[in-house]
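Spelled out from the first residue to the last, the chains are:
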Amino acid sequence: MWNRLQGRLRPVGCGVEELRCRRREREAALRKARREQQLVSKRLLRDYAPEEAAGECVDLILGEAEIQQFLRLAQRGTEEKERERALVSLRRGLQHLETQQTFIRLEGSMRTLIGLLTSNQALLQLEAARCLHELSHSEQSAVAEACLPATSYLLTYLSGHSSDFIELCLYTLGNLIVESEAVRRQLLPQGIVPALAACIQSPHPTVLEALGYALSQLLQAKEAPEKIIPSVLGSTLPQHMLRLLQPGPKLNPGVAVEFAWCLHYIICSQVNNALLITHGALSTLGLLLLDLAGAVQRSEDAGLELVGEEDRSRSSRPFFLLCSFSKVQVAPSNLHLIPNLSLQLVCPVFRCLSNLLTETAAEAVEGQMQLRDERVVAALFILLQFFLQKQPSLLPEGLWLLNNLTANSPSFCTSLLSLDLIEPLLQLLPVSNVVSVLVLTVLCNVAEKGPAYCEHLWPGPLLSSLLGMLAFSDTDVIGQSLELLQLLFLYRPEAAQAFLQQSGLQALERHEEEAQLQERVHVLQQTALHR
């Protein structure tokens, strides 16, 4: 999943600062690799025709003559119902690529459709917009670009009063934005960002969800960091996005998913993350993380509890977390009512937090973050346990966040130790090589904090787990294991003696001929023998 950089190899007895420098260089490369983007996709609304649901119409591929006939009837029919039916028939035909291609080749067809879109009859406007929506979902970019003349009208209608019509216009614009740079070039000077900023104050969740989709498509454009995101950050959109991500009874999971991805794309651009932090992004995302853990906790099959310290000894589960959320009350939300959407929200929230925590500005406002206590670690492990059982593919996302939480924070490392979470963390090692590397990286974060922290790591199950890791063949896993052993030996010389007594040198010997590892293996051998 990530390309790892092998840092410069340290000499025997190298200092902690050099170890830290090497790890920071490698983590910078890892963070860069984490800036993955959700796959671009288009969305299609087809839940608007009762006769279609009843199966009363048959899809047909239309030829030029039929398209011209339907456009003529829609434009000049004697009755409004007849005109509307003509557009319905045209729209159904436009569900086929062959009809789409014929339509855009036909001279005057788009002009006629735009004329119907701008008519003063609401039903005809709606059906014309639905025809454009079908075209916007086309597999061929030429079809989407043919819709370019209609985009300015779609933008104007975002200030209308019909929530259904606004929703349709937003999804159509979102489909066109992602397909065509020409569309984006036209919409930006026409004011799409202010138009979206006005829409985000809508009271309708369907409009907000469609808006989040359109905005996310805009933010994924290759020119977004230079030409789009600065305008978005200069508008009121960021404050409203964070408002819509605040946990509580008004939180709409579908809306939150869309805007969490929007926030992710903005953060990945690194245009001005300090501004988002100033607006309280860390605090909002931290509380949302607690809320997501609470939603998982309340699900019937999660098998988890959040209880007081006095009940900690009652647990017999091998991977179990008990912690109190009593310090801050988190308002109840609707997340637990829609578990699938809650899970969809976890990934962008993890990524947003992970990347924001790497910003220098995060350190300046850490008192405002509301992340400096055990609740965040507790919430994260509740989610990790759930992922282990239900969705292992999300484990790396959570562990990457844990890495960034612990990298520069002794307090979070202390939380890991005080909550007895080292052993549960070690139990994740067999899941995959990617997970193993991240678990070992988190443990390195703890070990490098000094002797007091290493005292909690050894004696214990860590050394035997690392000996087991040395039996692996993956270079990244072995390399990270060697680094953790080196830190452990620096601060706990007795760990080196135990390593020797448990045939550690023999375990190292199998990697002596591996080009990427042999120097580090030699360094560790010498460190162990001279401790």
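Here goes a summary of the coordinates provided. Just so it is clear, the structure is predicted and the values come from calculations on it, not from any experiment.

## Considering the pattern of salt bridges
Alright, step 1. For the coordinates displayed, the defined rule picks out 10 salt bridges.
Alright, step 2. In this structure, Lys-81 and Glu-84 form a salt bridge, with 3.8 Å as the shortest nitrogen-oxygen distance. Of the two residues, Lys-81 and Glu-84 both sit in helix H4 (residues 80-93), 3 residues apart, roughly one turn of that helix.
Alright, step 3. For Lys-81, a relative accessible area of 52% translates into the label exposed.
Alright, step 4. The residue Glu-181 makes a salt bridge to Arg-185 at a minimum N-O spacing of 3.9 Å. A residue pair is termed a helical-turn pair when its members lie 3 or 4 positions apart in one helix, as Glu-181 and Arg-185 do in helix H11 (residues 181-190) at 4 residues.
Alright, step 5. By relative accessible area, which is 30% here, Glu-181 ends up partly exposed.

## So, the packing of helix H21 (residues 374-390) against helix H22 (residues 395-407)
Alright, step 1. Packing of H21 against H22 leaves a shortest axis separation of 9 Å and a crossing angle of 160°. Comparing their axes, H22 and H21 come out roughly antiparallel. In this structure, the crossing between H21 and H22 has a hand that is left-handed. Contacts between H21 and H22 pair Val-376, Leu-380, Phe-381, Leu-384, Phe-387 and Leu-388 from the former with Leu-395, Gly-398, Leu-399, Leu-401, Leu-402 and Leu-405 from the latter.
Alright, step 2. When the residues that make up the contact of H21 with H22 are grouped by side-chain class, the tally is 11 nonpolar, 1 polar and no charged.

## Digging into unusual backbone geometry
Negative phi is the rule for most residues except glycine; trans is the rule for most peptide bonds.
Alright, step 1. Between Trp-458 and Pro-459 the backbone carries a cis peptide bond, its omega angle lying at 5°.
Alright, step 2. Mapped onto the elements, Pro-459 comes out in the loop between helix H26 (451-457) and helix H27 (462-469).
Alright, step 3. Positive phi is not limited to glycine here, since Asp-420 has a value of about 55°.
Alright, step 4. Along the chain, the position of Asp-420 falls in the loop between helix H23 (410-418) and helix H24 (422-426).
Alright, step 5. Of the residues examined, Asp-420 reaches a relative accessible area of 52% and is grouped as exposed.
Alright, step 6. Although it is not a glycine, Ser-503 sits at a positive phi angle of roughly 65°.

## Notes on the nonpolar core
Alright, step 1. Ranked by size, the top nonpolar core spans 171 residues in total, and within it Leu-90, Leu-158 and Phe-259 carry the most contacts.
Alright, step 2. In terms of residues, this core owes the most to one element, helix H16 (residues 253-269), which gives 11 residues.
Alright, step 3. In this structure, Leu-90 is in contact with Leu-62, Ile-67, Phe-70, Leu-71, Phe-103 and Cys-131, ignoring residues within four places of it in sequence.

## Some details on the layout of surface pockets
Alright, step 1. Here the second largest pocket defines a volume of roughly 240 Å³.
Alright, step 2. For the second largest pocket, the lining is made up of 13 residues, of which Leu-208, Arg-243, Leu-244, Lys-250 and Leu-251 are closest to its centre.
Alright, step 3. Taken together, the elements giving at least two residues each to the lining of the second largest pocket come down to helix H13 (205-219) and helix H15 (237-244).
Alright, step 4. Tallied by class, residues from the lining of the second largest pocket come to 7 nonpolar, 4 polar and 2 charged.

What counts and what doesn't
Residues numbered from 1 in each chain as written. Predicted model: local features only at pLDDT ≥ 70, side-chain atom pairs only at ≥ 80, totals over all residues. Heavy atoms only, no water. Salt bridge = Lys/Arg side-chain N within 4 Å of Asp/Glu carboxyl O. Helix = DSSP H or I, 4+ residues; strand = E, 2+ residues; numbered from the N terminus. Buried < 20%, exposed > 50% of the residue type's maximum accessible area, 1.4 Å probe, protein only. Axes fitted to C-alpha atoms, helices over the stretch in contact; angles between N-to-C directions. Parallel < 35°, antiparallel > 145°, perpendicular 65-115°, else oblique. Left-handed = near helix turned anticlockwise from the far one by under 90°. Contact = heavy atoms within 4.5 Å. Nonpolar A, V, L, I, M, F, W, Y, C, P; charged D, E, K, R; others polar. Core = buried A, V, L, I, M, F, W, Y, C linked by side-chain atoms within 4.5 Å. 1 Å grid on protein atoms, 1.4 Å probe; cavity = no way out; pocket = protein on both sides within 12 Å on 5 of 7 lines; lining within 4 Å. Points joined across faces, edges and corners; volume = space filled by probe spheres on them.

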